[in-house]
Number of protein chains: 2
Amino acid sequence: MYMPSKEYRQRVIEELVEREFISTQAEIAEHLSRRGINVTQATISRDVNELRLVRLPAGNGQHRYRSTPLAAQEDVVGELAQRFKLFVRDLDRGENLLVVTTDEGHAAGIAYVVDKLDRDEIVGTLAGQNTILVVCRGAQQAEALLDEFESLLE
Amino acid sequence: MYMPSKEYRQRVIEELVEREFISTQAEIAEHLSRRGINVTQATISRDVNELRLVRLPAGNGQHRYRSTPLAAQEDVVGELAQRFKLFVRDLDRGENLLVVTTDEGHAAGIAYVVDKLDRDEIVGTLAGQNTILVVCRGAQQAEALLDEFESLLE
DNA sequence: CTTTACTCGGCATATACATGCATTATGACC
DNA sequence: GGTCATAATGCATGTATATGCCGAGTAAAG
């Protein structure tokens, strides 16, 4: 069965949201199907995530999907995820401290990108050879951050 | 019962989403409640809409609420809504044409903001004294636009 | 002090989006 | 071709967001 590539579909979606006023993923599916691309809302949800489209409220209860220039600014996160997967061996927490264990010699590199996140809940980082100490404002913030970091490793 | 003003709450929310990594409205509610502001998710949904915050996908299944600089760009919509409410008397459609009836003398003003929308599905506008003809690419687009405009009048 | 009009917010629910799991397609290698 | 590993997708459902309706609060008008 013929199936246009995912890449092509995503390009069409990007174009669509800029050309038309689209407010739900179901609508996107509808437009696509008019163009002969038949996928379900589930797939579009995944596309929207990958394309990092946002659903911008108009302030009056209406919404419009838009591509976002914010994406660039956020790429620190992508970078972090990449390096985490490559070099991070372990994560732990004690109170308001996160302990990140990395491959030998990589602590400084990872700490660098963590710093770049510029998160307000992070007070600072301290890197040795293969260990980073991430100091958070509080235990609560540390726990949230731990969750977040863990999800990067999956 | 003491209840911090809506305005104050919304300022706190804006600050919150920039300081912390927040991915659901429930989380916002939680943070607020720690600060003594107790409201339900429903209220936050309304706030998010009014503040025009977006839920930006990180590309890996995570989301973060952000305030958006897109808002400024989009303010044309707000302007349009305002003028529509004040000056538009009637909306109609024939095929690919939208007919907007305004208060006497206001057609040009309204047409101006419609033009500024810079929508691809609008070919152009033609304004008389109290009537604007909005020429759309097709009947389908015209219908969608009619719906959209109608919702501005509510 | 009423009445009226309006704003705000909760509750319940509708709508919309995300996702675990199973299935099928794709491609690399033998 | 057959086998394996990986990626893509649908289905069903879980989670998250939006909203209709109603009641409470407030202010202006009478």
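Heads up: the structure comes first, above all this text.
First, a word on scope: everything that follows refers to the structure included in this document. Everything numeric here is computed off the predicted structure, so don't read it as measured data.

### Re the packing of helix 1 (residues 6–19) of chain B against helix 2 (residues 25–34) of chain B
For any two helices packed against each other, the geometry comes down to the angle between their axes and how far apart the axes lie.
Residues and elements named next belong to chain B.
Right, on to step 1. Packing of helix 1 against helix 2 leaves a shortest axis separation of 11 Å and a crossing angle of 115°. With respect to helix 2, the axis of helix 1 lies roughly perpendicular. For the pair helix 1 and helix 2, the sense of crossing is right-handed. Of the residues in helix 2, those in contact with Arg-9, Val-12, Ile-13, Leu-16 and Val-17 of helix 1 are Ile-28, His-31 and Leu-32.

### Section: the protein's contact with DNA strand C
Right, on to step 1. Lining the immediate surroundings of DNA strand C are 19 residues, of which Arg-46 and Tyr-65 of chain A together with Arg-9, Thr-43 and Arg-46 of chain B lie closest.
Right, on to step 2. Between Gln-41 of chain A and DNA strand C, the recorded distance is 3.0 Å, taken from a side-chain N or O atom to a base nitrogen.
Right, on to step 3. At 2.8 Å from a phosphate oxygen of DNA strand C is found a side-chain nitrogen or oxygen belonging to Arg-9 of chain B.
Right, on to step 4. When residues of the surface near DNA strand C are traced back to their parent elements, those giving at least two are helix 3 (41–51) of chain A together with helix 1 and helix 3 (41–51) of chain B.
Right, on to step 5. The element that contributes the greatest number of residues to the surface near DNA strand C is helix 3 of chain A, accounting for four residues.
Right, on to step 6. Split by residue class, the surface near DNA strand C holds four nonpolar, ten polar and five charged.

### Details of the packing of helix 1 of chain B against helix 3 of chain B
Residues and elements named next belong to chain B.
Right, on to step 1. It is the contact of helix 1 with helix 3, at a shortest axis distance of 10 Å, that shows an interaxial angle of 75°. When the axis of helix 1 is compared with that of helix 3, the two are roughly perpendicular. In this structure, helix 1 uses Lys-6, Arg-9, Gln-10, Ile-13 and Glu-14 to contact helix 3, whose residues at the interface are Thr-43, Asp-47, Glu-50 and Leu-51.
Right, on to step 2. Per-class residue counts for the contact of helix 1 with helix 3 are two nonpolar, two polar and five charged.

### What about the protein's contact with DNA strand D?
Right, on to step 1. Around DNA strand D, the structure places 19 residues, and the nearest of them are Arg-9 and Thr-43 of chain A together with Gln-25, Arg-46 and Tyr-65 of chain B.
Right, on to step 2. Sugar and phosphate atoms represent 67% of those atoms of DNA strand D found within 4 Å of the protein.
Right, on to step 3. Between DNA strand D and Arg-46 of chain B there is a distance of 2.6 Å, counted from a base oxygen to a side-chain nitrogen or oxygen.
Right, on to step 4. Contact distances for DNA strand D include 2.6 Å between a phosphate oxygen and a side-chain N or O atom of Tyr-65 of chain B.

### So, the sheet that holds strand 4 (residues 97–102) of chain B
Residues and elements named next belong to chain B.
Right, on to step 1. With antiparallel pairing, four strands are arranged side by side in an open sheet as 3-4-6-5. Where the open sheet ends on each side, the last strands, each with one partner, are strand 3 (88–94) and strand 5 (122–127). For this sheet, the mean inter-axis angle between neighbouring strands, taken without regard to orientation, is 15°.
Right, on to step 2. Sheet topology note: the strand 4/strand 6 (residues 131–136) ladder contains five bridges and is antiparallel. In the strand pairing of strand 6, Leu-98 is matched with Val-134.
Right, on to step 3. The strands touched by helix 5 (residues 107–117) are strand 3, strand 4, strand 5 and strand 6; relative to strand 5, the strand with the most contacts, the crossing angle is about 165°.
Right, on to step 4. Strands in contact with helix 6 (residues 139–153) are strand 3, strand 4, strand 5 and strand 6; relative to strand 3, the strand with the most contacts, it is inclined by about 165°.

### Brief notes about the environment of Leu-117 of chain B
Residues and elements named next belong to chain B.
Right, on to step 1. Position of Leu-117 relative to the elements: it lies in helix 5.
Right, on to step 2. By relative accessible area, Leu-117 is classed as buried at 14%.
Right, on to step 3. Considering only alpha carbons, one finds Leu-117 and Leu-80, 37 residues apart in sequence, at a separation of 8.6 Å.

### Some points on the sheet that holds strand 4 (residues 97–102) of chain A
Residue and element names in this part refer to chain A.
Right, on to step 1. Overall, antiparallel pairing links the four strands, which are arranged 3-4-6-5 in an open sheet. Strands at the two margins of the open sheet, each flanked by one partner only, are strand 3 (88–94) and strand 5 (122–127). Geometrically, the sheet is characterised by an average inter-axis angle of 15° between neighbouring strands, direction not taken into account.
Right, on to step 2. Helix-sheet contacts for helix 6 (residues 107–117) involve strand 3, strand 4, strand 5 and strand 6 (131–136), and the interaxial angle to strand 5 is about 165°.
Right, on to step 3. Running over the sheet, helix 7 (residues 139–153) touches strand 3, strand 4, strand 5 and strand 6 and is turned about 160° from strand 3.

Rules of the game
Residues numbered from 1 in each chain as written. Chains lettered and ligands numbered in written order. Predicted model: local features only at pLDDT ≥ 70, side-chain atom pairs only at ≥ 80, totals over all residues. Heavy atoms only, no water. Axes fitted to C-alpha atoms, helices over the stretch in contact; angles between N-to-C directions. Helix = DSSP H or I, 4+ residues; strand = E, 2+ residues; numbered from the N terminus. Parallel < 35°, antiparallel > 145°, perpendicular 65-115°, else oblique. Left-handed = near helix turned anticlockwise from the far one by under 90°. Contact = heavy atoms within 4.5 Å. Near = heavy atom within 4 Å. Polar contact = N/O pair within 3.5 Å; in protein donor to acceptor, adjacent residues only side chain to side chain. Nonpolar A, V, L, I, M, F, W, Y, C, P; charged D, E, K, R; others polar. Pairing = 2+ DSSP bridges. Buried < 20%, exposed > 50% of the residue type's maximum accessible area, 1.4 Å probe, protein only.

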